Amino acid sequence: MTRKIWCFAAALAATTVLAPPLRPALADEAAFYAKAAAPYKGTTIRVLDEITPLQETLSKIVPDFEKETGIKVEWELLNHFEVINKGQADMLSGRGHYDAIMLHGSQLGPMLSAGVILPLDGFVADPKLMDPGLNAADFIAAPYKTTAFYDGKQYGFINWNYNHVYWARADLLNDPTEKAAFKAKYGYDLAPAKTIEQMRDIAQFFTRKKGEMLAGKPLESDFYGIVLEGIKGGSTFSNLWVNFIENYGGDVLDKDGKPTFDTPQVVAALKMWRELWTYAPPGIAEYSLVDVPTVMGNGIAAQSLAWSDFVLGIDKPGVSPYAGKFVYGPVPAKAGNEAHRHADAEPSVTVINAASKQPQATFLFLQWLADKRQQDKLIEMGQGGVPIRESSWALPAIKDSTNPTLFAAMKSSLDVAVARPKMEKYPEMFDAMSGIAQQVGLGKMTPEEGAKEGQATLLKLCGGKSCTL
Amino acid sequence: MSSIAFQSVFKRYGAVDAVKHLDLACAAGEMLALLGPSGCGKSTTLKMAAGIEQVSSGEIWFGERPVSRLAPGARNIAMVFEDYALYPQMTVWENVAFPLKVRGMAGQPAAARVGEVLQLLGLRQMADQSVRGLSGGAMQRVSIGRALVRDPEVILFDEPLSHLDADQKVQLRAEIKRLQKLRQVTSILVTHDQTEAIAMADRVAVMNHGVLQQVGAPQDLYERPANLFVANFIGEPPMNLMKAAWDGPRVVGEGWAVTLPAARRAKLSDGAIVAGIRPEHVRLLPPGTAGDAQGVVSYREPRGDADVLTVVLDDAGGVKGGRMVAEIPGPAAFRAGDRVSVGLDVGRLLVFDAASQTNLEAAS
Amino acid sequence: MTAAHSGLIARGLAKSFAVGGAAREVLTDIGLDVSPGEVLALTGPSGAGKTTLCRLLAGLERPDAGSVALGGRTLDAFAPGQRRVALMFESYALYPHLTVRGNALSPLQAPGGRLPAAEAEKRVDEVLELLEMAHLAARLPGALSGGQKQRVALARLLVQSPALYLLDEPISHLDAKLRYKLRGEIRRRLAAGTVPTIWSTPDGMEALSVGDRVAVIAEGRIEQVGTPEDIWLRPATTRVAKLIGDPPMNLIEGELLREGGALFFMRRELRVPLAGALAAAAGEATTPAVTLGVRPDAMGFAAPEVPGAVQAEIYSNEPFGKHAIVTADLGGLLAKVKTSMAISQRFGADGGIGRAAGLTLPVGGMVLFDGASGRALPGN
Amino acid sequence: MAEITERSRGRSGLFWTAAVVVYALIVLFPIFWMATMMVKPNDAMFARPTQWLFTPTLDHFAYVIEQGFHWSLLTSFVLCTVSTALVVLIGTPAAYAFARFEMKGKDDLFLFILGSRMAPPVCLVIPFYLIYAKVGLLDSFLGLTLAYMTFNLSFYVWVLRSFCRDLPVELEEAAALEGWSRVQIFRRVVFPLLRNGIVATAVLCFIFAWNEFLFAFMLGGSSVTTLPVSIPKLITSQGVRWGEMAVVGMTALVPVLAVVFVLQRHIVRGLTLGAVKG
Amino acid sequence: MASAGDTILDAPARAAPREPAWYPYLLIAPAMLMLVVVSLVPFLYAIWLSFHEAKFGRVKDFVGFDNYLTLLTDGRFWNSIGVAATFVFIAVPIEFMLGLAGALVLNQNVRGRSLLIPLLFMPAMMAPIVVGLLWKIMLAGSWGFFSYNVLERFHILTDTSVFASPDLALYALIFVDIWQWTPFMMLAFFAGLQALPLGPYRAAAVDGANPFQMFLHITLPLMTPLLAVIGLLRFIDAFKVFDTIYILTNGGPGTSTETPSILANKMTFEFWNIGEASALAVLVWIAFFAFCSVFYQVAKKRLNAF
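Reading the values: rules and limits
Each residue is numbered by its place in its chain's sequence as written, counting from 1. Written order decides the labels, with chains lettered from A and ligands numbered from 1. Selection of residues for local features in this predicted model requires a pLDDT of at least 70, selection of side-chain atom pairs for listing and counting requires 80 or more, and totals for whole chains, interfaces and linings are taken over all residues. The basis for every side-chain value is the complete set of non-hydrogen atoms in the structure, without hydrogens or water. The pairing criterion for strands is at least two bridges between them, as found by DSSP. Counting from the N terminus, the helices are DSSP H or I runs at least four residues long and the strands are E runs at least two residues long. Think of each axis as a best-fit line through the C-alpha atoms, taken over the contacting stretch in the case of a helix, with angles from 0 to 180 degrees between the N-to-C directions. Counted as salt bridges are all cases of a side-chain nitrogen of Lys or Arg within 4 Å of a carboxyl oxygen of Asp or Glu. Each residue is placed in one exposure class: buried if its accessible area under a 1.4 Å probe, protein chains only, is under 20% of its type's maximum, exposed if it is over 50%, and partly exposed if it falls in between. Each patch groups residues whose relative accessible area exceeds 30% and which form no salt bridge, using 9 Å between like charges and 5 Å between nonpolar side chains of Val, Leu, Ile, Met, Phe, Trp and Tyr. We get accessible surface area from the Shrake-Rupley algorithm with a probe of 1.4 Å; when it comes to residues, only the shown protein chains can shield them. For cavity detection a 1 Å grid was placed over the protein atoms alone, and a set of points counts as a cavity when a 1.4 Å probe fits there but cannot get out; an open set counts as a pocket when protein lies on both sides within 12 Å along at least five of seven lines, with lining residues being those that have an atom within 4 Å of a point. Grid points are joined across faces, edges and corners, and a volume is the space filled by probe spheres set on the points. Under the scheme applied, nonpolar residues are Ala, Val, Leu, Ile, Met, Phe, Trp, Tyr, Cys and Pro; charged residues are Asp, Glu, Lys and Arg; polar residues are all the others, including Gly. Here the expected span of a helix is defined as 1.5 Å times the quantity of residues minus one. Only heavy atoms matter for contacts: two residues are in contact if any of them lie within 4.5 Å across the pair. Accessible surface is computed with a 1.4 Å probe, and the buried area is the amount of it that two parts give up when combined, taken over both parts together. What qualifies as a polar contact is a pair of N or O atoms within 3.5 Å, subject to a donor-acceptor requirement within protein and to the restriction that residues adjacent in sequence count only when both atoms come from side chains. Planes of paired rings set the category: under 30 degrees apart is stacked, over 60 is edge-to-face and the rest tilted, where pairs are Phe, Tyr or Trp rings (Trp by its six-membered ring) whose centres lie within 6.5 Å. UniProt positions are given in the numbering used here, feature names are shortened, and annotations may be inferred rather than shown by experiment.

Section: the sheet that holds strand β13 (residues 270-274) of chain C
All names here are of chain C.
Moving on, step 1. Spatially, five strands are ordered β13-β12-β11-β14-β20 in an open sheet, and the strand pairing comes out antiparallel. Looking along the sheet, the strands with just one partner apiece sit at the ends: β13 and β20 (366-370). Adjacent strand axes in the sheet meet at a mean angle of 40 degrees, parallel and antiparallel pairs treated alike.
Moving on, step 2. Pairing of strand β11 (residues 250-259) with strand β14 (residues 289-294) involves six bridges; the strand directions are antiparallel. For Gly 254, the partnering residue across the bridge sits in β14 and is Val 290.

Re the pattern of salt bridges
Moving on, step 1. Applying the stated rule across the entire model yields 71 salt bridges over all chains.
Moving on, step 2. Notably, a salt bridge pairs Arg 224 of chain B with Asp 220 of chain B, separated by 2.7 Å at the nearest N-O pair.
Moving on, step 3. A residue is classified by how much of its surface remains accessible, and Asp 220 of chain B, at 31% relative accessible area, is partly exposed.
Moving on, step 4. Taking the shortest distance from any N to any O, the salt bridge between Arg 348 of chain B and Glu 223 of chain B comes out at 3.8 Å. Residue Arg 348 of chain B is found in the loop between β19 (339-344) and β20 (350-353), and its partner Glu 223 of chain B is found in helix α7 (residues 218-223); the two are separated by 125 residues along the sequence.
Moving on, step 5. For Arg 348 of chain B, a relative accessible area of 37% translates into the label partly exposed.
Moving on, step 6. With relative accessibility at 25%, the residue Glu 223 of chain B sits in the partly exposed group.
Moving on, step 7. Taken together, the shared-partner salt bridges in this structure form one network comprising Lys 232 and Asp 431 of chain A together with Arg 76, Glu 258 and Lys 266 of chain E.

A few points about a nonpolar patch on the surface
Moving on, step 1. Taken together, the side chains of Trp 71, Leu 74, Phe 77, Val 78, Val 82 and Phe 141 of chain D present a nonpolar region at the surface, about 570 Å² in accessible area.
Moving on, step 2. Ranked by residues supplied to the nonpolar patch, first place goes to helix α4 (residues 69-100) of chain D with five residues.

Observations concerning empty space enclosed by the protein
Moving on, step 1. Roughly 1,000 Å³ of volume is contained in the largest cavity.
Moving on, step 2. Taken together, 49 residues line the largest cavity, and the ones lying closest to its centre are His 80, Phe 81, Gly 233 and Gly 234 of chain A together with Asn 250 of chain E.
Moving on, step 3. Every element with two or more residues in the lining of the largest cavity is listed here: α4 (80-92), α14 (308-314) and α19 (426-442) of chain A together with α5 (128-139), α10 (243-248) and α11 (260-269) of chain E.
Moving on, step 4. Among the elements that make up the lining of the largest cavity, the one with the highest residue count is α4 of chain A (six residues).
Moving on, step 5. Of the volumes computed, that of the second largest cavity is approximately 660 Å³.
Moving on, step 6. In terms of lining residues, the second largest cavity is bounded by 34 residues, among which Arg 117 and Phe 208 of chain D together with Pro 128, Trp 181 and Asp 237 of chain E are the most central.
Moving on, step 7. Tallied by class, residues from the lining of the second largest cavity come to 22 nonpolar, five polar and seven charged.

Focus on helix α12 (residues 264-277) of chain A
Moving on, step 1. Taking 1.5 Å of rise per residue, 14 residues should cover 20 Å, and α12 of chain A covers 20 Å from first to last C-alpha, within 8% of that figure.
Moving on, step 2. Of the residues making up α12 of chain A, those classed as buried are Val 266, Val 267, Ala 269, Leu 270, Met 272, Trp 273, Leu 276 and Trp 277 of chain A.

Structural notes on the interface of chain C and chain D
Moving on, step 1. Contacts between chain C and chain D engage 23 residues on the former and 15 residues on the latter.
Moving on, step 2. Summed over both sides, the interface between chain C and chain D buries roughly 1,600 Å², with carbon and sulfur atoms accounting for 62% of that surface.
Moving on, step 3. Viewed at the interface, chain D and chain C are joined by two salt bridges.
Moving on, step 4. Between Arg 55 of chain C and Glu 173 of chain D there is a salt bridge; the shortest N-O distance is 2.6 Å.
Moving on, step 5. Remark: the boundary between chain C and chain D carries eight residue pairs in polar contact (both at pLDDT 80 or more).
Moving on, step 6. Elements represented by at least two residues in the side of chain C that touches chain D include exactly α1 (50-58), β6 (85-88) and α2 (100-109) of chain C.
Moving on, step 7. The class makeup of the residues in the side of chain C that touches chain D is 14 nonpolar, seven polar and two charged.

Here's the deal with the arrangement of the chains
Moving on, step 1. No other pair of the eight pairs of chains in contact has as many contacts as chains D and E.
Moving on, step 2. What separates chain A from chain C at the closest point of their C-alpha atoms is a distance of 52 Å, and the two make no contact.

Observations concerning the packing of aromatic side chains
Moving on, step 1. Taken as a whole and judged by the stated rule, the model has 64 aromatic pairs over all chains.
Moving on, step 2. Centre to centre, the rings of Phe 205 of chain A and Phe 206 of chain A are 4.9 Å apart; their planes meet at 75 degrees, and the pair counts as edge-to-face. For the pair Phe 205 of chain A and Phe 206 of chain A, one class covers both residues: buried.
Moving on, step 3. Ring centres of Phe 29 of chain D and Phe 145 of chain E lie 5.0 Å apart, and the angle between their planes is 40 degrees; on these two criteria the pair is classed as tilted. Of this pair, Phe 29 of chain D sits in helix α1 (residues 11-37) while Phe 145 of chain E sits in helix α6 (residues 145-152), each in a different chain.
Moving on, step 4. Ring pairing ties together the aromatic residues Phe 182, Tyr 186, Tyr 188, Phe 205 and Phe 206 of chain A, which thus form one cluster.

Considering the UniProt feature "transmembrane region" (unreviewed entry) in chain D
Moving on, step 1. UniProt's feature table lists "transmembrane region" (unreviewed entry) at residues 12-35, 73-97, 109-132, 138-159, 197-220 and 240-263 of chain D, given in the numbering used throughout.
Moving on, step 2. This span, residues 240-263 of chain D, is 92% helix and 4% strand, and a straight line between its end C-alpha atoms measures 35 Å.

Here it is as structure tokens:
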């Protein structure tokens, strides 16, 4: 996949039409919602979302909506896997218990093909429901446009801009002895990796056995150069796909959705993937997106690629002894291919269940959530977070953050982050391919074999047709 | 065959003495019965001989060999259990063959032995049946077969007949006795049933509350019980035991009186006594006949060849008449309500000291 | 069915059970009469159908055929609880979770037999007192000895005022001494009332002792009903003869032989002259095959050379104190002789096993049975 | 066995006791370790090297309460109690009937009951979910109560049947002869004698329900969240809240452990599923 | 019951005869109806689903045996059967033997049994999901207590962690299953041992049998019905095991620990391929039922079990 933006035209059209030239006053916003919600006053909507620090913060804001509109919101938070399981089950069974459900970008394919998501276009076109002050142009464009739209229809606003960042131990990278040794060995200065090759060098450099010295102290246990996600069923596959394969100039599918997993670029990326695993802790194949930050927090690895929002939970005093000693950066690019860099992201939207009995009220809520007032408040209360609006970067909580490199890294990642194409069989593909990613990483399969088998699997799953919708 | 001797054996469970200072011997080839009510310590004694229970103190000898520290399997004994204790999942043959098998004896010699024992006990036809479906009598025969199959030094019988029907009991007790006599194997039999003990054993040891009361040939116990316990315990219907007092040479009871020969009286000390007489030594005569007492038949229990009658004696000498049980050949002519004259066989009258409960004439 | 008396009347009772697919008849054409106040002892070997008969009368089993009347009313349509039958189970069937008192009270609290509480308590107290159980009233059955349990069951029986007492092997599981004691006690209690009673027991001697009349049952059929004397002296069949007596009657299969005017019973070398009633009975025999029943207490020992003595060998010798049972081997045929201790001891300390002895057969004390049917020949 | 000779008392008894204790210490170590995590500060949780000594904290308890896990505890308790009570209510007569009466096709009926116990829950949960979605039983007490019947009712009937078989029928007959009615006999005689069996079996059913995850997860939801289902909520993007998880996990264990302590004799007997008579 | 047996033969389940024939059916009716609702109906529904194309919860066309064919020709299905078979045939016999050995030890004169038994039973009382997390804490790569303090420290396992290794993960799960269920077996067998009659052991002691002979000739044969029933139950449950695998590996690495339960779960709740998942459910169910009913009949007749 190139950096092509899906249904760009439609999205552009929508934003152009809807974006008003001037931002109205905040009071007007509140007034709009009170008025728009009047017919739905007293109704209750149920919303299912994932439990992360962002949502926990958000749940403190949601009561404001109830106050403003008189619409009651049952706001249910479950963990990542549960949201997928229960949310999909609810939509697919047609039960309609939840009016709105958070979907990761990758879930959209199956759900769209099952026809269980309500398109928003009718509401968007309805001035009674559509807030003129929403300012969709402020949404960070690439993830929004690739996620919320499909086939000329809009299915949501952007809600969560989950994205990957590069994460490293500043205390080690700045250690004078280590710096000198690194320079001597690799011929350039030790610093947060800008390229995948540098990341590899740093990983290799810091992988040490128990008893060896690290930053002037003897190690009490083995130390590893990098930690990556390696479990089957986490986000291993997309991690590999976007952070490595695409940076290497390859892709899993071509623009027509045909599998291209056996290209030399993919093989090269798999080789690097495999090599990095050799510098990772032995348990890498069981590390999920949750374990990776934990391992970093435990201080047994020098660097990582991790979900930026998960970092927030670790890099704070009392949780990890290394809090404050971390440095962040954009996901490293392939040397020489920096212009076409990629960063893995899972922009997510909260969609309206086709079986919802309160779609209008739900629509108002989703719109309200994406509104700048709420987003600003969210960022401020969450002491940082992952913005969905460009304007959020300027907020004091981010601008004056004690962790400036993290937000810089996020911004950089989001500049290039796009959603994955919408694929009906994504779950099956994901399941099979993360298995292959594991096998290659573990060295149970050579990169070439992995590429071959991956290609065959994809072809079989898609049945010779396009893998995308 | 070896003799068995218990030497100052004690068995304690916590503070309770189940067996107290037991000195008892069983001669080689003899069958000794341990008789007593339940809880008297007889089973514990047997189990100590078997090694299933440990002695608390004292020693058990098999011949010249002290065995009380040996494991059951090392004592060369066999045991027949009250509940048969067969190996439920095995056939008759396998059960009998088991003691040989665990001792590594197999093949033709073993098969011959098992076959012989089964033949002896009339179990040949059932050899291949599972023991689960057998009648109680057949099960106990298997258990006996298992005991006999390897020529043990000693066979210990623990209430072997108590779960059997009456007819099987009668049949099997004769068989056990016969086999024991034929093989001359030293045996100890534990039973609460005096009929069994008397019928089967050469000598009987009566126990009560963990204490040995009397040992002797059945006839001795029957005719010359050492104390009231033995007198009462042995014999069915039980001996008439009646409060009595001396009046010179006369023994005066409640509604009856007899005169002892002077020679005999002379040997007996004064004091409160209990007189004992067995029901079969009480004669009933037509009313008006001279007797030792007069009374009315209050209850008649026919038993075929004998009738057991309870007589309520008339008051005599200002003393309220007691009861006396008589066993007379049956069917007898007396019925409940009939007046009778009662005669006592003075020669058979036993005199016990009321305080010590011992037989005043027992050889001490 | 019209009731001839106000006791128990059973007619034509039959019952089969399916065993492994096939029906096995357990009771066949049972007829019984028990008058008010009478104790009928029901005896027979294991599996004869005693328990089943009790259960049929109690209504716990439904008969395949036949009818039961009690106190002038037909019971067939009544449920067990409505029959006013008090049954004492062989297993006692005490409620393990109720105290002795609770067990005894139970029938008086039931809807069928309910008494005012005070009266029920009084009745129970009386009965417990009578059975010397008052001090155990608060105990649970689990803490009682076998004899005590049996008394609780008896107490539970006696507190009731039923139309029929059924005692199913009430004292079978007790030892001899206790049996002797209790059967007298129970018997006296029952004799005092006017309730008909059936007392079942596998022990023929017990049946003789407790029954006003004795019914002998074997293989599901009533073999004989009669007074204890009848049963003892004139067993109707070999089956009855085998059940009664300790030891029971010796049964010798043989043939009748008429020699001159005299009748003999023959079996191999055994040759018994038949006279008197026996000769008359022999005259009724339809086949030469007969079975001679000889009561053990009627036989005696003599020196082998005494004329008329049957040659025998001592097989076993069991002295019992007041008498002895000596088993004699008559050429492969074992006969038990109940004899005196003195005679038993004369055989020697080892019991004289294997020794030759002569056996004398009495004129009385013998019964002749038909060899085929096993029925006593008329005229005995 | 050991009682046949007293030989194994004394020293060998001590030896075996020691062996069992050592075995228990080894086997139970992970549980002990988890228990310590309840009061272990986060930074000591997986510190390298392993930190054996630490300043205890009650933070994890505070969070668990703050997040309302006690409601899950209550939900679990109510749900398991109700479902077990229902099992007892309808399972007891069935077990009794299977033990007492001859019925045509009894074996087949019983096999059907066993069959329900055999069904892998994962296989059941699909049809359950789709049916429940149609009839509106998802996320309801009733729905989960019913679902638990598939394995608990059959288990209960299976085990209790053997307890019923051990009841002497004479007791009921004696009561019938005294004139008690069917219902009274059950209340006065059968139930008191069966009580231990009922309690033991019901406790096992309760434990099964208490620990059940899949049904509770798929068929339950926001309004019916059992304790096991609440545990994955602690897997957050801040990492797994191990301390809190230890709190919840141990909380789930404690009531069950207490009950087993008190009723162990009956429960151990129940564990034999009726394959042991007496 | 009378030992003499003067009752009606062995007529089993003697019952008061006055009950009408429908009475027992009345007693079992509520339970039966309930099981029809909660067991038979879902089963029949699953069968119906298995003959249809049902993707994403929408039941579409009747497809006959297509789902079954797809499944039976799918290597992944057979892999899952193989994984489950390996799991069951290693875990259950080991639990069985350890349980029996433990029961024999417990049956010695162990003191303080009433304290030890509930403690020993603890693993079996824990929610499988908690057990899963517990062993994650113990065995997780690098930070697991056991991984770090034993495996890593003594260089037993340095290049991988147990759950991360396709070669080891299944055995680790087997280990966890053994940890959790051996106590159950142990206590069930212990209860069985406690109920054994003492008589045969006494007889064997007198006959001179050694402990091993007693075990072989008495304990084992007498325990067979119990062993059969408990073994069957554990066999079923081990085959059904879901929670611990789900939480520990969810079938991975690769498909090395993917049992039919895990696969069915994935097919249903990840792929939403309900037709095929139902076919899998039905196959597993039928195979189970066939196996168990044969086992039941045989065990009932031969061993007097159940």
